[in-house]
Structure formats: structure tokens, C-alpha cells
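# Summary of structural features
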Amino acid sequence: MTQKPYLHIPHPAARPGEAPDFSYLELSDAGAVDRPPSDERARNIEYLAHELVRVLDDEHQATGPWDPSLDKEILLKALRYMVLTRAYDDRMQRVQRQGKISFYMQSLGEEAVSIGQGLALEPGDMLFPSYRNQGLFILRGTELVDLMCQCLSNTGDMCKGRQMPVMYQDPARNIFTLSGNLATQYPQAVGWAMGSAIKGEKHIAVSWVGDGSTAEADFHYALTFAAVYQAPVILNVVNNQWAISTFQGFAGGERRPFAARGLGLGMPGIRVDGNDLLAIYAVTRWATERARNGHGPTLIEHVTYRGGAHSTSDDPVRYRPQDEWAAFPLGDPMDRLLQHLLELGHWSDEKQTALEEETKMVVDDAWKEAISFGTMTEPPFLDAQLMFEDVYKEIPDHLKKQRDEMLKLAGEKS
Amino acid sequence: MSQMNMIQAINSAHDIMMEKDPSVVVLGQDVGYFGGVFRCTDGLQEKYGEHRVIDAPIAEGGIIGTAIGMGINGLRPVAEIQFADYIYPGFDQIVSELSRLRYRSGGEFFSPVTIRTPCGGGIRGGQTHSQSPEGIFTHISGIITVMPSNPYDAKGLLISAIESDDPVVFFEPKRIYNGPFDGDPDKPGVSWSSHPMGEVPQDYYKVPLGKAAVVEEGDELTIICYGTIVHVAQAAAKLTGVRAEIIDVRTLFPLDIDTLTKSVEKTGRCLVAHEATRFCGYGAELVATVQQECFWHLEAPIERVTGWDTPYPHAFEWKYFPGQKRLAAGIRKVMEAG
Ligand SMILES: Cc1ncc(C[n+]2csc(CCOP(=O)(O)OP(=O)(O)O)c2C)c(N)n1
Ligand SMILES: [Mg+2]
């Protein structure tokens, strides 16, 4: 080597032992970003990808052109579902620690994304979620028991024991089966949306990936196809600042926001406060209007923070400051909505305490029911013959043979 | 000598090669500051700097493609793919590029990339953290495919892989990272410290590519296997009381045909076992090779014990995994035939 190395290596603002530092996050004031008509030409609204759409201000008031003016019922529904999602996560995290399930992933701190967007979509819109969108299932009405049974791989498991925990699906509620392979759902969502346009239907598709996953080629295929065919799709990047141990700079977030990824293709991007349920609702409505009226796709970046570990398999104290979440300038999405409701006089601390207690009981009851379908160690167990089904539509002969071999061996002493 | 588990042995191979050869660089998801999700690259970034141990974006095709470019430019990249199940976005770069650079350029270009990736089941990883895709890679001309079964071999083979000017895909059976596993999930885990192959020299040494190991001598039956199944086969042979010669292939390509044929000529019976699915699996190549080389010495049809031809299910891990019972049944079948 002739010179000193000069490769640029991205560095997070703070590592363990250092003070959290979010000065890199560019923030706009609540209410400060213009709201264009939803059919505006992409090149005229590039500012949306760089600024930050916010509705809730520091006094917990809704302000500015993006205020969706939601009525009390919707706001309370949003709060209830955020509380429920968090309580569900908390319970599942704990049962994983007790060894009842093999693995778990929380959405702590990111609940507003699923709940806010879920509320802004129509039931016929097809969802292609990532593994941190449990709120979408809960909001659309998937029973907690069903989600729990999936995590338990028990006799009530919707995936018949095939998938790891959190890899849910709900075909009846238009939610696609989750994949462990990052970003694969993105081009699939675009294809679904193209299908909708080919058939002349108004349903749109919506998909989510994390900041880290935007590096995958599938992310870029999706944007290209969506832009080329002006597909009725909303593509979301949930920028929770971290991808396991690597901060969002390793996915290219240091210089330009993820929301700007589609600009080169003529696809509008909106950067939104991912902890502000009202702002999320509003930008999603804007994008659904655009897509449904034939004006094409939108990329939405949600600026939020991964409040918990990546999964139950890692310990974030090894790579980021322990108190980083507390220092995150956009706060906690559930608390911000709660404060807004208190401010409006629609809610009280007593009611919140009662809601949290009631929710805990709902989750407890669901868990009791879920384990009655079996756990990893207690019967009833799923029939292992299921392993050979659904590889193909009909079980081919060689798999029938292998299934019989398995059954024969199971009957024998070793 | 010191005691090492497979993770420490792999880490040590990196360390020695990075110390010895400044052109060795490491890249992959979470490999730098964090030291890898399985900790195989722990401490290397601190020691060799951020320009040599590089955290990568989550793009396997990008990792392998850029590793190829670094290799063309005189570096010796070791790329980690976090799970073998996630290697497919990089598949085109391996099949169409890495494996054929030398051939298509008339020998003018090559890239000495080593791709390391954890494989195999037994950790409740379901269909996306349990796969054994080695047979897909052995089918490609132009790459070397390796899968060690213990810390000593892992270190020696990885050093050979990094030094090799031909590209290597290096599979690490993650179930045996921390200790040998005989296929019985109900037994408490054992560590490598009680295993002779957990004795690993601290210094540089090589285990040659293309050489199988006879891990157990015997005269009644030859069991050909690799990775985690080596340990399962040992336990299964004990269970049946058959004097089996157990061969750990170690390097899947190039295959050490001599060691296999010598053994089968002696025993006259052969069982091939792996965790991967059966149809067109690597075992099919082993069976064909033994059949061709040893036909006149065979006293019974060659038997195959493998994973079932389904994706790897989460709930039925131990019904899917070819454990002792299935291997023992296979052993009995070969012994009773003919
Ligand atoms: C193709 C592929 N490569 C690697 C992985 C391993 N992996 C699982 S999650 C993850 C980090 C993803 O981070 P991000 O996209 O930011 O989502 P977040 O977890 O923060 O929600 C990685 C590397 C994977 N699942 N699939
Ligand atoms: Mg992330």
C-alpha cells in the first residue's frame, strides 16, 4: 500500500459508553412542511423526501396542513391498538425468556407505523409486511391467540409448524405470509399492485422494509418496477436507526434520506415522523389517494427508533448506548398519542391505567388459550406428517415414501 | 496447543492470516464492530482496523460482488454471509462470475475469495436459518466447497481456503460451533473441550483441501459423511455395534476419491449420510462415485440417509433431522442386505 487507506467507513454517532447523539437527524417543526395535492408531479415535491412531516408539536397539539383531523373514536382506537400491540410484545418477549417459544422480535417504539398506516388503508388493500409489523395484524383483527399459536408452532399454528415465531400471515385479512429473507416482499407487493392495475381494480398494495434492508437488490427492483409502471403501491422504509449492530449509515442513510431513494426514478418520497401517529396517518392517506387515482407509487420513510433488541438473539448493549432510546428526539409514539388525547380532554390518566390493566388481562387470557393448543414441550403436538404436505399441491410419491419411512421409524424403539 | 471451540478456531484462522498477509480483508454483515452474530470475527476490527474488517450493507449480492472486485485488485477477501439461507441474493455473482473468471479470461483474471457461511439445522431456526445448500455449490465448476466437522479442521481448512487462489465456499455447521452434537437433542450439550479435535494449535497450520479424514476405523461398513452428521454417525455406529469406518469428507470438492475407495474396497458396504435434502443432493454424487469405483467390491446396495425432501420445518426439527435412529436404521439395512 502506497498511501494511508482512505475508504470512508460510516460511524454511528455514539457507541456504548458514549453519550447518545442524534444531531445527525434533520428535523422539521411540526406543521412546517407544505401539503401538495396528491396528484402533484413528483419533480415538484422533492422537498417532501428531505423535510420531515410532523403533525404533533411539542405541546402535543395537532398542527399544520397535514393534520388529518381525526375524530375522537379513531384516535382512541389508535391508542387502544398501540397499547395492545405493546402488551402483546411484552408478553411474548417474556415467554421467550421462559423458553416457551424459540425466538421473538418486538416492535417496541415503532407501533405508530403499523397502527397509523393500518387505520389509513382499506380492508381490500393487500399488505406485504416485515417482521416488525405485528400491529397490522392486531389492528386488522387477527386474534392474539392465533398470533401466539404461530409463535408456539402448536396445533393452532396458522403455518402448520413450518415457520419460526413472528412469521405470521392472515390471508382472510389480506396480509401476505412473512418471509425470513429480507426485502423479498417488496417486488412482490409491486407485482400485486401491477395485478390490481391490470385487472382495473382500486385495491392497492403496501409493503414495509427496515432501513438496513434497503441495501438488498429486491428493494431496488421494486422501486424500478413501481416507477416504470406507475403501480398503485405504497412502499415504506421503517428507519429505526439500526439493523442489528449496524446503524442506518451502512445502508446509505448518511448523505440522503431513504425517502429520496425513488427521486431518481421520478417516484415521490415522503419523510415522516415515525413516532407521530397523526402524521403517519396523513401521509399514508395522501399516498393511497395518489395510488388509487392512478398517479402511481409513493415511498415513505418513517423516522423512528428500535426501542428493544433486534431480536431475542442479540444484546444491543454491545453496540449502542443503553440510554439511546430515551434521548431519541421524536420520543415514544404511544406516549405522544396519549399526551395528545389528554391534551384534547378525550382521555385521562385513570382511563389509561384501566386500559393498560384491561389489555394485560386480554393478553393473559389469550396466552392461556394459546397454550391449550400445546407448546414446544407440552402436548398436544402437531402431527409431524404435516411436514410433507404443501411442498407441492399434491404429495408426490417420493415424499409419501419418506413420510411412511418417518412413521415406521417413529413406531420403532431405537 | 489450546482448547478452542469452532468459533474460536475460525477466529484464530482469520487472525493468523490477517497478521501474516496484509492483503487479507474481511467483510460481511455485523462482522466488524460487533464481531459477527456468531462472534467468529470478534476482536478482529479492533486489532486490524476498519479498513480490513468491514461492516457491510445488507446485500449479499453486493458483498460477494465487491469481494470479487477486491480480489481482482490484489486483495484476499474473506466474505461472511450471515446464514447460508441468505446466500442466494449473491448466487449469480458466485455462479456466473466468481467460479468462471479464470476460465472465461483464459487464465488472465481470478479472484481468491473465500465465502464463509453458517449452515445446517438443530438450532430451531426454521426454514430460513437451517438450510444445507452445499449440493447447489458442488454442482458449480470452478469453486471449492468445504465443510469442517470440528475446530481443528475448521482452522486448518480455513487457512488453506484463504491461501487458495481458487474461490472457496466454506460452510460452517452452526449446531456444532460450541460443541459436538450426536443428534440427540435431549442430552445436555457437550463442549469441544472434552473432544480431541477441540485441541487446536495457536499457530499457523494447514489442513489440506481435497483430503478426507478417516475419523473412525472399521472393517464392516464405510459411512461417508461430513459436518454435524460425522458426530451423529459415530453415535449411530456405536448404537448398532457395527464396526464402521467413518469418513469425514471435509472438502466436498475436490473430492478425495482415493480415501473413499480404499475404505469401501476393504468393507464392501457403504452408507452415505447428510443433513441436506436427498434428491440430487451431494450424497448422490458420493453414491455414484463409490458405485463406479468399487462396484466389484460391493456386497450390498449403497444406502443413503438424508434430510427429507421438504423445506426445513420449525416444529418438527427432530423428525426432520437425520438423527441416530435414522442412521442406525440405514446401517442395519446395509448390513442385512446381500
Ligand atoms: C437476505 C437476508 N440477509 C440477512 C438476514 C439477516 N438479518 C435479519 S434481520 C437483519 C437486519 C435488518 O435490519 P433492518 O432492515 O433495518 O430492519 P429492522 O430489524 O431494524 O426492523 C439481518 C441482517 C436476512 N434475514 N435476510
Ligand atoms: Mg432497522
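Since the model is a prediction, treat every value here as computed from it, not as a measurement.

Rules used in this analysis
- Residues numbered from 1 in each chain as written.
- Chains lettered and ligands numbered in written order.
- Predicted model: local features only at pLDDT ≥ 70, side-chain atom pairs only at ≥ 80, totals over all residues.
- Heavy atoms only, no water.
- Buried < 20%, exposed > 50% of the residue type's maximum accessible area, 1.4 Å probe, protein only.
- Helix = DSSP H or I, 4+ residues; strand = E, 2+ residues; numbered from the N terminus.
- Contact = heavy atoms within 4.5 Å.
- 1 Å grid on protein atoms, 1.4 Å probe; cavity = no way out; pocket = protein on both sides within 12 Å on 5 of 7 lines; lining within 4 Å.
- Points joined across faces, edges and corners; volume = space filled by probe spheres on them.
- Nonpolar A, V, L, I, M, F, W, Y, C, P; charged D, E, K, R; others polar.
- Buried area = accessible area lost by both parts, 1.4 Å probe.
- Salt bridge = Lys/Arg side-chain N within 4 Å of Asp/Glu carboxyl O.
- Polar contact = N/O pair within 3.5 Å; in protein donor to acceptor, adjacent residues only side chain to side chain.
- Donors = N, O, S within 2.8 Å, 3.2 Å for Na, K, Ca; no water.
- Pairing = 2+ DSSP bridges.
- Axes fitted to C-alpha atoms, helices over the stretch in contact; angles between N-to-C directions.
- Parallel < 35°, antiparallel > 145°, perpendicular 65-115°, else oblique.
- Left-handed = near helix turned anticlockwise from the far one by under 90°.
- Expected span 1.5 Å × (residues − 1).

Residues and elements named next belong to chain A. In terms of burial, helix 5 (residues 144–152) is largely enclosed, as eight of its nine residues are buried. Taken together, the buried positions of helix 5 are occupied by Leu144, Val145, Leu147, Met148, Cys149, Gln150, Cys151 and Leu152. If you follow the buried residues of helix 5, they end up packed against helix 2 (72–97), helix 4 (134–140) and helix 11 (349–371). Once helix 5 finishes, Ser153 follows within two positions and takes phi at roughly 50 degrees, a positive value.

Quick look at the layout of surface pockets now. Considered as a void within the structure, the second largest pocket measures approximately 950 Å³ in volume. Along its surface, the second largest pocket is lined by 30 residues, and Pro185(B), Asp186(B), Glu317(B), Trp318(B) and Lys319(B) are the ones closest to its centre. Mapped onto the lining of the second largest pocket, the elements with two or more residues apiece are helix 12 (397–411) of chain A together with helix 11 (317–320) and helix 12 (324–336) of chain B. Its residues placed into classes, the lining of the second largest pocket shows 15 nonpolar, seven polar and eight charged.

This brings us to the interface of chain A and chain B. Listed per partner, the contact involves 48 residues of chain A and 40 residues of chain B. Taken together, the two surfaces of chain A and chain B that pack against each other cover about 3800 Å², and 65% of this comes from carbon and sulfur. Inspection of the chain A/chain B interface yields zero salt bridges. Here chain A is connected to chain B by 14 residue pairs in polar contact (both at pLDDT 80 or more). If one sorts the elements of the side of chain A that touches chain B by residue count, helix 12 of chain A sits on top with seven residues. Looking at the side of chain A that touches chain B residue by residue, the class counts come to 25 nonpolar, 14 polar and nine charged.

This part takes up the environment of Leu27(B). Residue and element names in this part refer to chain B. Topologically, Leu27 is positioned in strand 2 (residues 24–28). For Leu27, a relative accessible area of 4% translates into the label buried. As a C-alpha pair, Leu27 and Ala276 span 249 residues in sequence and 27 Å in three-dimensional space. Not counting chain neighbours up to four residues away, the residues in contact with Leu27 comprise Ile54, Ile63, Thr66, Ala67, Met70, Pro77, Val78, Ala79 and Glu80.

So, on to the coordination of the magnesium ion (ligand 2). Each donor-metal-donor angle would ideally measure 109.5 degrees in four-coordinate tetrahedral geometry, or 90 or 180 degrees in six-coordinate octahedral geometry. All names here are of chain A. Within the protein, the atoms that donate to the magnesium ion (ligand 2) are Asp211 (OD), Asn240 (OD1) and Trp242 (O), at distances of 2.1 to 2.2 Å. We note that the donor set of the magnesium ion (ligand 2) lies within a single chain, spaced as D-x28-N-x1-W. Placement of Asp211 in the loop between strand 2 (205–210) and helix 7 (217–229) and of Trp242 in strand 4 (residues 242–243) is noted, with a sequence separation of 31 residues between them. Judged on exposure class, the residue Asp211 and its partner Trp242 are both buried.

Residue and element names in this part refer to chain B. What the five strands build is an open sheet, ordered 9-11-10-13-14; its pairing is mixed. The sheet is open, and its two borders are formed by strand 9 (213–216) and strand 14 (303–307), each paired with just one other strand. In this sheet, adjacent strand axes meet at a mean angle of 25 degrees when their direction is disregarded. Of the strands in this sheet, strand 9, strand 10 (221–225), strand 11 (244–248) and strand 13 (270–277) are in contact with helix 8 (residues 229–240), which crosses strand 11 at around 175 degrees.

The next point concerns the packing of helix 2 of chain A against helix 3 (residues 111–120) of chain A. Residue and element names in this part refer to chain A. Direction vectors running N to C along helix 2 and helix 3 enclose 140 degrees, while the axes themselves pass 10 Å from each other. As far as their axial angle goes, helix 3 and helix 2 are oblique. For the pair helix 2 and helix 3, the sense of crossing is right-handed. Of the residues in helix 3, those touching helix 2 at Ile74, Lys77, Ala78, Tyr81, Met82, Thr85 and Arg86 are Glu111, Ala112, Ile115 and Leu119. The class makeup of the residues in the contact of helix 2 with helix 3 is seven nonpolar, one polar and three charged.

Take helix 10 (residues 282–294) of chain B next. With 13 residues, helix 10 of chain B ought to run about 18 Å at 1.5 Å a step, and its terminal C-alpha atoms sit 18 Å apart, in line with that. Of the surrounding secondary structure, the elements contacted by the buried residues of helix 10 of chain B are helix 6 (134–138), strand 10, strand 12 (251–253), helix 9 (257–267), strand 13 and strand 14 of chain B.

Time to look at the environment of Ser179(A). All names here are of chain A. With respect to the helices and strands, Ser179 occurs in the loop between helix 5 and helix 6 (185–198). A residue is classified by how much of its surface remains accessible, and Ser179, at 30% relative accessible area, is partly exposed. It is 36 Å that separates the C-alpha atoms of Ser179 and Ala19, two residues lying 160 residues apart in sequence. Every residue in contact with Ser179, bar those within four places of it in the chain, is listed here: Met167 and Thr184. Within the structure, Ser179 has its side chain in polar contact with the backbone nitrogen of Asn181 (distance 3.0 Å).

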